[in-house]
Amino acid sequence: MRTMKSPSSCSDLISGGLFQRIVSAHADGKLRFWDMRSDKPIHEITFEAKITSVDLSQDGQLLLVCQKDNVINVIDTNNNKVITELRAEDFRVAALYSRAVFHPNGRYVAAGSQDGSVLIWNTAKGTVETVLKEHKHAVIVCTWHSQGGLLATTDRSKRAVLWGEL
């Protein structure tokens, strides 16, 4: 067992893929990269707002960072640089634990909004491809089926929606 102390409240963690490290998302706007053999972060990326979630593409090449200021950044894991910024006029991150996620193929990102809509972005273009509307309350969590196609979302009222082939 190993214990690592963080200087800020952690909202999400990922590990695995090509990483021999853990990536943690924090309320102080920092993304911290931890080597599993060390007690201190080996790298940090600072954003302007609290980070609500982090996700890793299946190929391990892209990192997704959702922020409370209604911005989702796509980061190239080879150089830890932001390559795409996902925004939309009506996109509002609803909570400090709202989750944005990659489609299994890495070409799309899904995230829920305060108004109950679910936005699907094209990762390469940085544009919204689809807006799904079924929820009446803020959408907090999105998750794709591991084979793609199906998307499940949940909202603040505890309602889940399973979207068909997208």
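Each remark here, short or long, concerns the structure printed above.
Cut-offs used in this document
- Residues numbered from 1 in each chain as written.
- Predicted model: local features only at pLDDT ≥ 70, side-chain atom pairs only at ≥ 80, totals over all residues.
- Heavy atoms only, no water.
- Helix = DSSP H or I, 4+ residues; strand = E, 2+ residues; numbered from the N terminus.
- Rg over C-alpha atoms; globule rule 2.2 N^0.38 Å.
- Buried < 20%, exposed > 50% of the residue type's maximum accessible area, 1.4 Å probe, protein only.
- Contact = heavy atoms within 4.5 Å.
- Areas by Shrake-Rupley, 256 points an atom, 1.4 Å probe, with all protein chains shown as cover.
- Polar contact = N/O pair within 3.5 Å; in protein donor to acceptor, adjacent residues only side chain to side chain.
- Pairing = 2+ DSSP bridges.

1. Section: the overall build of the protein chain
In terms of regular secondary structure, the protein chain is built from zero helices and 15 strands. In terms of overall dimensions, the protein chain is globule-like: its C-alpha atoms have a radius of gyration of 15 Å, near the 15 Å expected for 166 residues. Dimensions of the protein chain along its principal axes, counting C-alpha atoms only, are 45 × 30 × 30 Å. Within the protein chain, buried positions represent 50% of all 166 residues. Relative to all contacts within the protein chain whose residues are 6 or more apart in sequence, the contacts with residues 24 or more apart total 37%. Counting every atom, the protein chain has about 8,600 Å² of accessible surface; 49% of that belongs to carbon and sulfur.

2. Observations regarding the environment of His26
As for its placement among the helices and strands, His26 is situated in strand 2 (residues 21–26). Separated by 28 residues in the primary sequence, His26 and Val54 have C-alpha atoms spaced 9.8 Å apart. If near-sequence neighbours (up to four positions away) are discounted, His26 is found in contact with Ser6, Ser8, Ser9, Cys10, Ser11, Arg32, Lys50 and Ile51. Within the local environment of His26, its side chain forms a polar contact with the backbone oxygen of Ser9, the two atoms lying 3.4 Å apart.

3. Describing the pairing of strand 15 (residues 160–163)
Of the two faces of strand 15, only the one carrying Val161 and Trp163 is buried; Ala160 and Leu162 on the other face are not. Where strand 14 (residues 151–155) and strand 15 come together, four bridges link them in antiparallel fashion. Within strand 15, the residue paired with Leu151 across the bridge is Trp163. Here strand 14 hands over to strand 15 after four residues, with Lys158 in that stretch at a positive phi of 75°.

Purely spatial values, then, with no claim about function.
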